[in-house]
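Notes for the structure review
Residues per chain, in single letters:
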Amino acid sequence: MYVERRLGSTLLVRVGSQRIHARMNGDVQPGNWYRVMVVRSGPSLVLRTVESRPVPLDSAALARSHGLPAGAEAVVRAFVQSGLPLQNERLALAWRMVRSSSRLSISERARLAAVLEDKGLLGSRAVYDRAVAAAGGDHEQRRDQHARDQDDSAEERRHESASADDVVALAEGLRRAFGREDENGDLLQLINHRAGREENWVIVPLEFVDAPQFTASVKMRLPLPAAGSEGGPPGFAEAILDVRDEANRWTFGIRPAERTLRVTLLAAPAEVSGSESDLRAALAPLERRLDALGLFFDLLPMSKDSNDGFSHDERPAIIRRVDSSV
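The following paragraphs examine the structure supplied in this document. None of these values were measured; they are calculated from a predicted model.

**Some thoughts on the pattern of salt bridges**
The final tally for this structure, using the stated rule, is 14 salt bridges. Here Arg249 ties to Glu108 by a salt bridge, and the two come within 3.1 Å at their closest N and O atoms. One end of the pair, Arg249, is in strand S9 (residues 249–257); the other, Glu108, is in helix H4 (residues 106–119), and 141 residues separate them in sequence. The pair Arg249 / Glu108 is uniform in exposure class, with both members buried. Notably, a salt bridge pairs Asp298 with Arg262, separated by 3.2 Å at the nearest N-O pair. You can see Asp298 sitting in strand S11 (residues 296–299) and its partner Arg262 sitting in strand S10 (residues 260–267), a full 36 residues away along the chain. Take Arg262: its relative accessible area is 32%, and that puts it in the partly exposed class. Here the salt bridges do not stand alone but share partners, grouping Glu108, Lys219, Asp242, Arg244 and Arg249 into one network.

**Focus: the sheet that holds S10**
Neighbouring strands of a sheet are bound in pairs by backbone hydrogen bonds; such pairs are parallel or else antiparallel. The six strands are arranged S6-S7-S8-S9-S10-S11 in an open sheet whose pairing can be described as mixed. Taken across any chain shown, the strands that pair with only one partner, and hence form the sheet edges, are strand S6 (199–207) and S11. Neighbour to neighbour, the strand axes of the sheet diverge by 20 degrees on average, direction disregarded. Strand direction decides the pairing type here: S10 and S11, joined by four bridges, are parallel. Residue pairing in the sheet places Arg262 in a bridge with Phe296 of S11. The strands touched by H4 within the sheet are S6, strand S8 (238–244) and S9, with S6 carrying the most contacts at an inclination of about 130 degrees.

**Observations concerning the side chain of Asn200**
The residue Asn200 is located in strand S6 in this model. Looking at Asn200, the relative accessible area reads 7%, which means it is buried. Within the local environment of Asn200, its side chain forms a polar contact with the backbone oxygen of Asn192, the two atoms lying 2.9 Å apart.

**Looking at the packing of H4 against helix H5 (residues 125–137)**
Close contact between H4 and H5 brings their axes to 10 Å; oriented N to C, the two are set at 125 degrees. The angle between the axes of H4 and H5 places the two elements in the oblique class. Here H4 runs over H5; the crossing is right-handed. In this structure, H4 uses Arg109, Leu112, Ala113 and Leu116 to contact H5, whose residues at the interface are Val127, Tyr128, Ala131, Val132 and Ala135. Split by residue class, the contact of H4 with H5 holds eight nonpolar, no polar and one charged.

**Describing the pairing of S9**
Sheet topology note: the S8/S9 ladder contains six bridges and is antiparallel. Residue pairing in the sheet places Ala239 in a bridge with Ile254 of S9. In this antiparallel pair of consecutive strands, S8 and S9, the connection spans four residues. Sheet analysis places S9 next to S10, joined by seven bridges and oriented antiparallel. From the neighbouring strand, Ile254 faces S10, where its bridge partner is Val263.

**A closer look at H4**
Spanning 14 residues, H4 covers 20 Å between terminal C-alpha atoms, matching the ideal 20 Å at 1.5 Å per step. A positive phi of about 75 degrees marks Gly120, the residue just after H4.

**Details of the packing of aromatic side chains**
Scanning the entire structure with this criterion turns up two aromatic pairs. Measuring from ring centre to ring centre gives 4.9 Å for Trp201 and Phe310, while their planes differ by 90 degrees; the resulting arrangement is edge-to-face. Separated by 109 residues along the polypeptide, Trp201 in strand S6 and Phe310 in the loop between S11 and helix H10 (315–318) bring together distant segments of the chain. Across the pair, exposure class does not vary: Trp201 and Phe310 are buried alike. Here the aromatic rings of Trp250 and Phe252 are separated by 6.5 Å at their centres, their planes lie at 5 degrees, and the arrangement is stacked. Note on Trp250: relative accessible area 22%, which makes it partly exposed.

**Describing the packing of helix H3 (residues 88–99) against H4**
Between H3 and H4, the shortest axis-to-axis distance is 9 Å and the interhelical angle comes to 135 degrees. By the angle between their directions, the pair H3 and H4 is classed as oblique. Every pair of crossing elements has a handedness; the one defined by H3 and H4 is right-handed. Taking contact as the criterion, the partners of Arg90, Ala94, Trp95 and Val98 in H3 are, on H4, Ile106, Arg109, Ala110, Ala113 and Glu117. Residue composition of the contact of H3 with H4, grouped by class: six nonpolar, no polar and three charged.

About the thresholds
Residues numbered from 1 in each chain as written. Predicted model: local features only at pLDDT ≥ 70, side-chain atom pairs only at ≥ 80, totals over all residues. Heavy atoms only, no water. Salt bridge = Lys/Arg side-chain N within 4 Å of Asp/Glu carboxyl O. Helix = DSSP H or I, 4+ residues; strand = E, 2+ residues; numbered from the N terminus. Buried < 20%, exposed > 50% of the residue type's maximum accessible area, 1.4 Å probe, protein only. Pairing = 2+ DSSP bridges. Axes fitted to C-alpha atoms, helices over the stretch in contact; angles between N-to-C directions. Contact = heavy atoms within 4.5 Å. Polar contact = N/O pair within 3.5 Å; in protein donor to acceptor, adjacent residues only side chain to side chain. Parallel < 35°, antiparallel > 145°, perpendicular 65-115°, else oblique. Left-handed = near helix turned anticlockwise from the far one by under 90°. Nonpolar A, V, L, I, M, F, W, Y, C, P; charged D, E, K, R; others polar. Expected span 1.5 Å × (residues − 1). Phe/Tyr/Trp six-rings, centres within 6.5 Å; stacked < 30°, edge-to-face > 60°.

Encoded structure:
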């Protein structure tokens, strides 16, 4: 049995391909597999842990068992990591979507497919393509758009005072980065508005006014409000910030922590990530700026294969082998 998450006084657990709510006798942590025995059934299921077994997921074997070809293991991993049931026809659809594009890495495209499946939007190729582009997979097109925007506003910028206040310039940069449409004409609005069953992943593409060679995206996980809850919307549970140019990628995880935020480096370009000391030296200016803002900063680099653009942890720490003997 795999413990996915806590939901109030109960746990959401996975037994094979089934997901159920249960109470547990014993100390258990989300993200781990346990061998359990049933203590009591009825209106609520009560389980007792026997042992935990952190065995890696055999995604290749699972892919074969669900009729997927070689190379489709990323789709299985993405579905499991997103808490989705492994159904042959849905996995096959996700694999077709993943194969339809070469932008982003295969693990990123697979996780996007899983996120859209959770939102009930995977069946639309247009929606999938828009999600890929928003997540950072349409760098060249957005760079060309930047160039057009720069040309359109060049004359206006020439008349601006060279001594304009830095705060005004920053505000203008943020306004451009978070550009908005007056009408509901972008499929990204549908993607972000449509929540999953228990949470909502929101994708926010960012653009740099004075550095068109860079693009960025923020992917935020928002917990859905509990039934009957009152008050304002819940804060975000976690976020991933990706900054890219044609050849390099920086990835940061952001999580709420002790009334502030914890920023974690997850991936950096090869030329600065040869050793931890080199990496810390390269990031020292950023760390000082974050510290001045009261934000925590640390390093937890992920391997390239584990970086799917939505996760803070290496896959083996999240996904375990399905224990058919439970």
